[in-house]
Amino acid sequence: MQQLASSDTNAEKPHCSRESTGAVQMRIKSANNLNDRHSQSKSMILSDNLKVTEPISRHRRNHSQHNLTVTEIISPLEQTVIKEGYLQKAKIADGGKKLRKNWTVSWIVLTGRKIEFYKDSKQPAVANLKTGYKPEWVDLHGAHIEWTTEKSSRKNVFQITTTSGNEFLLQLDQDFIILDWFYAIKNAIENMSKDKSGTSKSKEFKIQRSSSSELLSSLERESKESKPENRRSLIFRLNYSISDITDRNRVKSRLKKFITRRPSLKSLQEKGLIKDQVFGSSLQNVCEHDGSTVPQFVKSCIKTVEKRGLDVDGIYRVSGNLATIQKLRFVVNQEKLNLDDSQWEDIHVVTGALKMFFRELPEPLFPYCFFEQFVKAIKIQDSNNRVKSIKSLVQTLPRPNYDTMKILFEHLKQVAAKESMNLMSPQSLGIVFGPTLLRPEKETGAMGVHMVYQNQIVELMLCEYTKIFSSEED
């Protein structure tokens, strides 16, 4: 270094300038010098202006063009962050395929041509440091944005649909913030549609400004990645529209053929495809269908209960499995019922179906027009007159109602006779069957009072069954 300094001072002297002009002096130090850290060193000295000569570029482009960084050639539209913040996000479709809606909080970054989704606000900075990291993003080119209330029950929800068939929902409770986001994204989409040639121009600009093979290869990769996506989106839209039209035409033609060729209700009933309903039909219609004054289903249920259910604890009070009861109801309406089948083994299912039959009658077993008369009769203080009044009303009932009522109360009397085993007294049976067999046509505010009378009427008819249903014919 001392030698370099001395040569530097010598270069400043006038008599040495002639020898050192434009020359490069090379000095090789002796290898025997133990104080030097390097065995060889080179010194480059310029004698005239003491400036180190810069290497002459032999390329047709100047040196500043070679020093362009990747960030300098990125399109300003992609690089500029228009808006960022936290929103609720849910992806509901991927390439046209519907996805399960799952709301998550995301840090959303809106640039000129796309939206990027991150887990938090610090992740974009971390993503810039990691070379292989690719966040989830939405290409806004050709996208569609609209408010929606059908896709979610939340408020302030708008939907973004891309050309590739992806669908995103964005939401926030604050009205002014979500409104600001909506118009920011909408303006970005509209600006991209106005500048359709912006992408191609930016790529030409990149190629003109860069001579690096690495940048060219990155552009080639970008074009290769974007082309299949655009091609898939175009194919998806064409196939979706064509298939949608063909499916609609096919459905219309099938509906027309079905309506014109549909058989009449009478022909279906004659073929046995449609049968009269047992549940939900009027008592008179069911009796006419069965050819009797008592429905066959009522007789079958009573017979089964008397066969294997009189001594069961809580009979008619304990509810059976509702799904099995509905299954039994369907079988009754469609085919012949066999209550001895193992699937109806639970006796509470049979009793539940019987109660459901009476409950679903369009008009209860005690007709609406008799309700007030029965309530008035049960209010009579004298017991003999009360029984006589109830008996006279029962005798005036239509024949299907009277016969069905008689066989039902005779059965319930046998149930009450086994009170010691099944714990079902006449009062308990009155509570169970009162609202089912006797109810007003229009419910009023005195429903609680009516319920008391309903229970008392059924209880009295069970206790005085012989007197009420006895007649000269019997």
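What this report covers is the structure whose coordinates are included nearby. From a predicted model like this one, the values you see are computed outputs, not experimental measurements. (Residues numbered from 1 in each chain as written. Predicted model: local features only at pLDDT ≥ 70, side-chain atom pairs only at ≥ 80, totals over all residues. Heavy atoms only, no water.)

## Concerning the pattern of salt bridges
- Taken as a whole and judged by the stated rule, the model has 12 salt bridges.
- The closest approach of N and O atoms between K114 and E116, which form a salt bridge, is 3.2 Å.
- Classification of K114 by relative accessible area gives partly exposed; the value is 22%.
- With a relative accessible area of 14%, E116 lands in the buried category. (Salt bridge = Lys/Arg side-chain N within 4 Å of Asp/Glu carboxyl O. Buried < 20%, exposed > 50% of the residue type's maximum accessible area, 1.4 Å probe, protein only.)

## Here we look at the side chain of R439
- By the element assignment, R439 lies in the loop between α19 (426-437) and α20 (447-463).
- A polar atom in the side chain of R439 sits 3.2 Å from the backbone oxygen of L361.
- Reaching out from R439, the side chain makes a polar contact with the backbone oxygen of T436 at a distance of 3.3 Å.
- Excluding residues within four positions of it along the chain, R439 makes contact with F358, R359, L361, P362, P364, Y368, F371 and Q454. (Helix = DSSP H or I, 4+ residues; strand = E, 2+ residues; numbered from the N terminus. Polar contact = N/O pair within 3.5 Å; in protein donor to acceptor, adjacent residues only side chain to side chain. Contact = heavy atoms within 4.5 Å.)

## A word on the nonpolar core
- Residues F297, F358, V394, M405, F409, M461 and F469 are the most contacted members of the largest nonpolar core, which totals 60 residues.
- Counting residues per element, this core draws most heavily on helix α14 (residues 347-359), which supplies eight residues.
- When neighbours within four sequence positions are excluded, M405 is seen to be in contact with L365, F366, V394, L397, M461 and F469.
- With 22 residues, the next largest nonpolar core counts L110, L170, A184 and M192 among its residues. (Core = buried A, V, L, I, M, F, W, Y, C linked by side-chain atoms within 4.5 Å.)

## A closer look at the packing of α14 against α19
- At a minimum axis distance of 8 Å, the contact between α14 and α19 shows a crossing angle of 35°. The handedness of the crossing between α14 and α19 comes out as right-handed. Within the contact between the two elements, α14 uses K355, F358 and R359 and α19 uses V432, F433, T436 and L437.
- Looking at side-chain class alone, the contact of α14 with α19 contains four nonpolar, one polar and two charged residues. (Axes fitted to C-alpha atoms, helices over the stretch in contact; angles between N-to-C directions. Left-handed = near helix turned anticlockwise from the far one by under 90°. Nonpolar A, V, L, I, M, F, W, Y, C, P; charged D, E, K, R; others polar.)

## Details of the packing of helix α17 (residues 399-417) against α19
- It is the contact of α17 with α19, at a shortest axis distance of 10 Å, that shows an interaxial angle of 150°. Judged by the inter-axis angle, α17 sits roughly antiparallel to α19. The interaxial crossing formed by α17 with α19 has right-handed handedness. Across the interface between the two elements, L408, F409, L412, V415 and A416 from α17 touch P426, L429, F433 and L437 from α19.
- Tallied by class, residues from the contact of α17 with α19 come to nine nonpolar, no polar and no charged. (Parallel < 35°, antiparallel > 145°, perpendicular 65-115°, else oblique.)

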